[in-house]
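Working through the structure, step by step
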Amino acid sequence: QNPKTSAIVKQLVAEGNAAELQKYFGSRMEFGTAGLRAAMGAGISHMNDLTIIQTTQGFCRYLEKNFSDLKKRGVVIGFDARAHLSSGGSSKRFARLAANTFISQGVPVYLFSDITPTPFVPYTVTHLKLCAGIMVTASHNPKQDNGYKVYWENGAQIISPHDKGISQAIEENQEPWPQAWDDKLIDSSLLLHDPYATVNKEYFKDIQKQCFHRNINKETNLKFVHTSVHGVGHKFVQLAFKAFDLSPPFAVPEQKDPDPEFPTVKYPNPEEGKGVLTLSFALAEKDGAKIILANDPDADRLAVAEKQESGEWKVFSGNELGALLGWWIFTCWKNHSRDTCAIKDVYMLSSTVSSKILRAIALKEGFHFEETLTGFKWMGNRAKQLMDQGKAVLFAFEEAIGYMCCPAVLDKDGVSAAVITAEMASFLATRNLSLSQQLKAVYDEYGFHITKASYFICHDPKVIQQLFDNLRNFDGKNTYPKSCGRFKVSGIRDLTTGYDSSQPDQKAILPTSKSSQMITFTFANGGVATMRTSGTEPKIKYYSELCAPPGNSDIEQLKKELDELVNAIEKHFFQPEKNNLQRKTE
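Residues numbered from 1 in each chain as written. Predicted model: local features only at pLDDT ≥ 70, side-chain atom pairs only at ≥ 80, totals over all residues. Heavy atoms only, no water.

Going by what an unreviewed UniProt entry lists, the protein is known as PGM2 protein and is assigned to Ciconia maguari. Taken from UniProt, the Sequence similarities (unreviewed entry) comment for the protein reads in full: "Belongs to the phosphohexose mutase family." (UniProt positions renumbered as here; feature names shortened; annotations may be inferred.)

Next comes the structure, spelled out in structure tokens:
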């Protein structure tokens, strides 16, 4: 019933444009553990009023089946600032339609009245003990995209088999229910609640448990620049600084207000490097700020840059910031919270494609480190299991600039990560140390961990399948590569097939998934490299790391060795020319 999407479809029918219609209606968006992510537009392959109604009807039925008290507890729904003029779709509209679906079935809905960071949704699920949460966002994707992210009652993103169950329920509930389109009905409903004020108060109260140096924060002369990259983060990072008694950061004026067009950046993704930070650098130079904090548009990720002695800006990788935050959060726990639990009950987590630096810190300091599959859905669920067993999960991170610094949110959170980074930098400044100097100190103490990650773009699933099949049948059938250029392969773990050469029974310990490709190679020189497909983009990604024991401080030699290893992997394993792969461009 959306006049804009209807008109698009009618126009295509009138033109007899079968190819475009096939694109719009050929296949339904797949609902996976990451929920939905697609361009806004007409047809069942896109995000629009109808597909949101159908998805929510399926999700509602699935929740009814799983929770006898759904009508007592309810769900929370949040949204970012995305909007798409030509199809009339927007995150706010989709959130209201989803709320209407639940309310029509007698389910209470906690619908945020305004834009909100993604981490506020899992926070609300846990804080109000709800059955589930939905966040309408496409995070840092291009402006035409939107998404529908789902959290379970434990406050973590869903994992299998929930995705399959929800997907099946969507298939079974495709015809819109009688009042599905009339979202005005919710405004007068007693089942509609607005958690905005409560959550804003309680969230900032909860993250203050991670504030350990209030006096330093009050006194510091360190200046910060913050950008929310046209997303939702501005107001919330300002409030977080206030909660920690830090002076507010300078906000990049051209990027602080939400704008679905993202006019000043090619991609609204701070992970893409210095291009996204151009305006931040300029403001920092003008105001004499040494540190830049950048959130992605839904404020669940954080990038950090620091001005070096040379006048150059260093943008920290996700692994480098993970090392700093891991060191900092453990140090704060050791000095301030030690009495709350024994070190044997302390845990940190990271994903299997992230740096192993936390493992090195854990080994030396005596706490536990665990790795999970890629993505915060795994770390969030594992953290909850550990917390339910009385363990303290201090920190979790992934190299894609995602950090969970506060146990009140079982997902990555760029708001708490930004303010905790600011407190860490303020503390180090009292010791005349920069973040870069402290990072080197961490590596000196626990061993250098040098990482390099990138990706190739490939739009042809057949080519991707062939590339990975080739690796599994490298020297004849069912044989993986024994070397890569001059580098000897010492171990293989294939989480698509479940093979792991290092295990006595050759079976991988981490869960396997036939629907995504992921192979990890261990090399005789201490290098590790993982190749995997992306769940949300047409990319084949790789992650490599060289870990040296403490005391090996020839960092230039280590970097050279890693560069050579990466070049060999690109040449022999990816074969970009033969497979017609497109390199990542700056």
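**Side note on the overall build of the protein**
When helices and strands are counted, the protein shows 19 helices and 25 strands. Along the three orthogonal principal directions, the C-alpha set of the protein runs to about 70 × 65 × 50 Å. Considering the protein as a whole, with its 586 residues, one finds that 59% of them fall into the buried category. If you take every contact in the protein between residues at least 6 apart in sequence, the share linking residues at least 24 apart comes to 69%. Of the roughly 24300 Å² of accessible surface on the protein, 51% is carried by carbon and sulfur atoms. (Helix = DSSP H or I, 4+ residues; strand = E, 2+ residues; numbered from the N terminus. Buried < 20%, exposed > 50% of the residue type's maximum accessible area, 1.4 Å probe, protein only. Contact = heavy atoms within 4.5 Å. Areas by Shrake-Rupley, 256 points an atom, 1.4 Å probe, with all protein chains shown as cover.)

**A few points about the sheet that holds strand β9 (residues 224–227)**
The five strands are arranged β10-β9-β11-β12-β13 in an open sheet whose pairing can be described as mixed. Here the strands that pair on one side only, and so sit at the sheet edges, are β10 (250–251) and β13 (313–315). Here strand β11 (residues 291–295) runs beside strand β12 (residues 302–307); their pairing, made up of five bridges, is antiparallel. Among the inter-strand pairings, I292 is bridged to a residue of β12, identified as A305. Packed onto the sheet, helix α10 (residues 234–243) meets β9, β10 and β11 and runs at close to 150° relative to β9. (Pairing = 2+ DSSP bridges. Axes fitted to C-alpha atoms, helices over the stretch in contact; angles between N-to-C directions.)

**As for the side chain of T116**
Along the chain, the position of T116 falls in the loop between β5 (109–111) and α6 (120–127). Given the relative accessible area of 0%, T116 is considered buried. T116 has contacts with G78, F79, M135, V232 and F236, leaving out every residue within four places of it along the chain.

**Some thoughts on helix α18 (residues 555–574)**
Between its terminal C-alpha atoms α18 stretches 27 Å, which fits the 28 Å expected from 20 residues at 1.5 Å a residue. Along α18, the residues that are buried comprise L558, E561, L562, L565, V566, A568, I569, E570, F573 and F574. With its phi angle positive at about 45°, Q575 sits one or two positions after the end of α18. (Expected span 1.5 Å × (residues − 1).)

**Details of the UniProt feature "domain: Alpha-D-phosphohexomutase alpha/beta/alpha" (unreviewed entry) in the protein**
Taking the UniProt record as the reference, the feature "domain: Alpha-D-phosphohexomutase alpha/beta/alpha" (unreviewed entry) is found at residues 29–175, 201–307 and 347–446. Along residues 29–175 the backbone is 37% helical and 19% strand, and the end-to-end C-alpha distance reaches 16 Å. Taken end to end, residues 201–307 is 31% helix and 16% strand, and its first and last C-alpha atoms sit 34 Å apart.

**Structural notes on the domain arrangement of the protein**
Here the protein is described as being made up of domain 1 (3–191), domain 2 (221–238 + 246–313), domain 3 (319–446) and domain 4 (448–583). Here the C-alpha centre of domain 4 lies 26 Å away from the C-alpha centre of domain 3. Between domain 3 and domain 4, the contact holds 19 residues from the first and 15 residues from the second. For the domain 3 and domain 4 pair, buried surface summed over both sides reaches about 1400 Å², with 63% attributable to carbon and sulfur atoms. The largest contributions to the domain 3 side of the interface with domain 4 come from V353, L373 and Y443, which together make up 35% of the buried area. On inspection of domain 3 and its partner domain 4, the count reaches one salt bridge. (Domains from an automatic or database assignment. Buried area = accessible area lost by both parts, 1.4 Å probe. Salt bridge = Lys/Arg side-chain N within 4 Å of Asp/Glu carboxyl O.)

**Section: the state of the cysteines**
Taken as a whole and assessed by the stated rule, the structure comprises zero disulfides. Free of any disulfide, C332 has its nearest cysteine sulfur in C211, 9.4 Å distant. Given a relative accessible area of 3%, C332 falls into the buried group. Not part of a disulfide, C547 finds its nearest cysteine sulfur in C484, a span of 17 Å. Take C547: its relative accessible area is 23%, and that puts it in the partly exposed class. (Disulfide = S-S within 2.5 Å.)

**Side note on the pattern of salt bridges**
Counted according to the given criterion, the structure contains 38 salt bridges. The residue E320 makes a salt bridge to K314 at a minimum N-O spacing of 3.0 Å. Look at E320 and you get buried, because its relative accessible area is 17%. Here K334 makes a salt bridge to E365, at a shortest N to O gap of 4.0 Å. Of this pair, K334 sits in helix α12 (residues 318–337) while E365 sits in helix α13 (residues 357–365), and the two are 31 residues apart along the sequence. Among the ionic contacts, a cluster of salt bridges with common partners joins D49, R93, R96, D183 and D187.

**Looking at the pairing of strand β24 (residues 539–547)**
In terms of burial, β24 is largely enclosed, as eight of its nine residues are buried. The pairing of strand β18 (residues 449–457) with β24 spans nine bridges and is classified as antiparallel. Within β24, the position partnered with I457 by the bridge is K539. With seven bridges joining them, strand β23 (residues 527–533) and β24 adopt antiparallel strand pairing. Bridge pairing in β24 links M531 to Y542. Connecting the antiparallel pair β23 and β24 is a turn made up of five residues.

**Focus: the packing of aromatic side chains**
Evaluation of the coordinates by the stated rule reveals 24 aromatic pairs. Ring centres of Y123 and Y203 lie 5.6 Å apart, and the angle between their planes is 85°; this geometry places the pair in the edge-to-face category. Linking Y123 in helix α6 with Y203 in helix α8 (residues 196–207), this pair joins segments that are 80 residues apart in sequence. Given a relative accessible area of 1%, Y203 falls into the buried group. Seen in terms of ring centroids, F521 and F573 are 4.7 Å apart; in terms of plane orientation they differ by 40°. Their pairing is tilted. You can see F521 sitting in strand β22 (residues 518–523) and its partner F573 sitting in helix α18, a full 52 residues away along the chain. Here F521 and F573 have matching classes, each one buried. An aromatic cluster of three or more residues is present, and its members are F120, Y123, Y203, F204 and F236. One Lys or Arg, K539, reaches over the ring of Y455 and ends 3.9 Å from the middle of that ring. (Phe/Tyr/Trp six-rings, centres within 6.5 Å; stacked < 30°, edge-to-face > 60°. Lys NZ or Arg CZ within 6 Å of the ring centre and 35° of its normal.)

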